[in-house]
Amino acid sequence: MARAFLVVLDSVGIGGAPDAARFFGGGRSDRGANTVAHIAQARPGGLHLPVMDRLGLGAAVRLASGDETPGLGTEPEGLWGCATEASPGKDTPTGHWELAGVPVPWVWHYFPDEEPAFPDEVVKAVTDAAGTEGILGNCHASGSEIVARLGAEHLRTGWPICYTSADSVFQIAAHEESFGLQRLLDLCRAVAPLLHKMRVGRVIARPFVGDADTGFVRTTNRRDFAIPPPAPTLCDWVRQAGGKVHAIGKIGDIFSMRGIDDVHKGTDAELMDHLVRAVDRAEPGSLTFANFVEFDSLYGHRRDVEGYARALEWFDAALGRILPGLRPGDLMVLTADHGNDPTWPGTEHTRERVPVLVAGLGSGQIGKVAFVDVAASVAAHLKLPERGPGRSFLP
């Protein structure tokens, strides 16, 4: 039996979303944003991504947006194309659910970019669950910035730091030691039902360590409490057919553990080790679903062009060591959930098409496809009876 590996490079968009002008961040629409192309154009020498370029990354950028990507342009040797999202969002759950065959059937709730950002009922729910007299933050903010700004006050008062962004999220940051990691997770779990009822997509626990003298650093113990998908996804289809589903990174959180057998978390370097082991050990008929988040969390939101470029080149080198381990009949799909152009105004995601690079099944152009077609193609490869609303692009 075949195996499938669906790997999401979080925020690695390639521009050209037809409806990008309807989405805004940093006071400007997303029309013209292009994460991969703009990184390459802003960096002397462009990008060195020989493995993904051979799979078709440079060609996919040109197909999606017409933009040139310095350093890329090899004749593709894999199946390649780009995917367009239908759901009205540019966030993690929307992208991942649609890649797994389930478009979002509702409009997410977003908090206003003003202070205070949260209604009184949300603040009361947090203070009641935390046992504190108040909260800190109550605004739109970058996670690393607000922790640096309010970390000392948090240590002094014990009040949780609550903030949001242009995404449909409610984030709570707290010190792992003085506040307690388990207490933070319990707090997020307690307030999640209220936020989910409001159609806020995720309540995110953002633990950190450190002090005012040495600085504050967020840890890898992040936890997302997401609304469950509104319908069975690719993960459920695999399980229903008797296959195993292995989650790497935040996939388990995004899908509320529905259809997931096991989860492996850590830094992206640690996640790469887990992906290597999955390629070596995953069972016939299984799906390994991975998300590499640091492109987005460490570099996209922080508008760090060079850091993003180095992360892409690190991933490409590691991928070159993984692909030879694929067995005959295996399928590996590399894609993304949205964009996060580090050259664009603001600190938020950008509405873009995403690459679809397929290893293991020969070469050729698949053209412009839909996010849901990724799920349908993986399902077709695994010979699942359920395919969802998409159409397979496999030969």
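That block above? That's the structure.
Student: Would you mind going over the overall build of the protein chain with me for this structure?
Tutor: Per the secondary structure count, the protein chain includes 13 helices and 16 strands. Its C-alpha atoms give the protein chain a radius of gyration of 20 Å, within 12% of the compact-globule value 21 Å for 395 residues. Overall size of the protein chain, expressed as C-alpha extent along the three principal axes, is 60 × 50 × 35 Å. Looking at the 395 residues of the protein chain, the share that counts as buried comes to 60%. Contacts in the protein chain between residues at least 24 apart in sequence constitute 69% of all its contacts with a sequence separation of at least 6. With the model as given, the accessible surface of the protein chain reaches about 14800 Å², and the carbon-plus-sulfur share is 50%. If the 38 positive side-chain charges of the protein chain are averaged to one point and the 49 negative ones to another, these points end up 4 Å apart.

Student: Looking at this structure, I do not really get the pattern of salt bridges. What am I missing?
Tutor: A side chain with one charge may pair with a side chain of the opposite charge, provided their charged atoms come close. The final tally for this structure, using the stated rule, is 21 salt bridges. A salt bridge links Arg149 to Glu145, with the shortest nitrogen-to-oxygen separation between them at 2.7 Å. Taken together, the residues span about one helical turn, with Arg149 and Glu145 both in helix H6 (residues 143-157) at a distance of four residues. Residue Arg149 is classed as partly exposed on the basis of its relative accessible area of 46%. Look at the salt bridges and you will find they share partners, linking Asp19, Arg22, Glu85 and Arg351 into a network.

Analysis parameters
- Residues numbered from 1 in each chain as written.
- Predicted model: local features only at pLDDT ≥ 70, side-chain atom pairs only at ≥ 80, totals over all residues.
- Heavy atoms only, no water.
- Helix = DSSP H or I, 4+ residues; strand = E, 2+ residues; numbered from the N terminus.
- Rg over C-alpha atoms; globule rule 2.2 N^0.38 Å.
- Buried < 20%, exposed > 50% of the residue type's maximum accessible area, 1.4 Å probe, protein only.
- Contact = heavy atoms within 4.5 Å.
- Areas by Shrake-Rupley, 256 points an atom, 1.4 Å probe, with all protein chains shown as cover.
- Lys, Arg positive; Asp, Glu negative; His and termini not counted.
- Charge placed at Lys NZ, Arg CZ, Asp CG, Glu CD.
- Salt bridge = Lys/Arg side-chain N within 4 Å of Asp/Glu carboxyl O.

These figures capture arrangement, not role.
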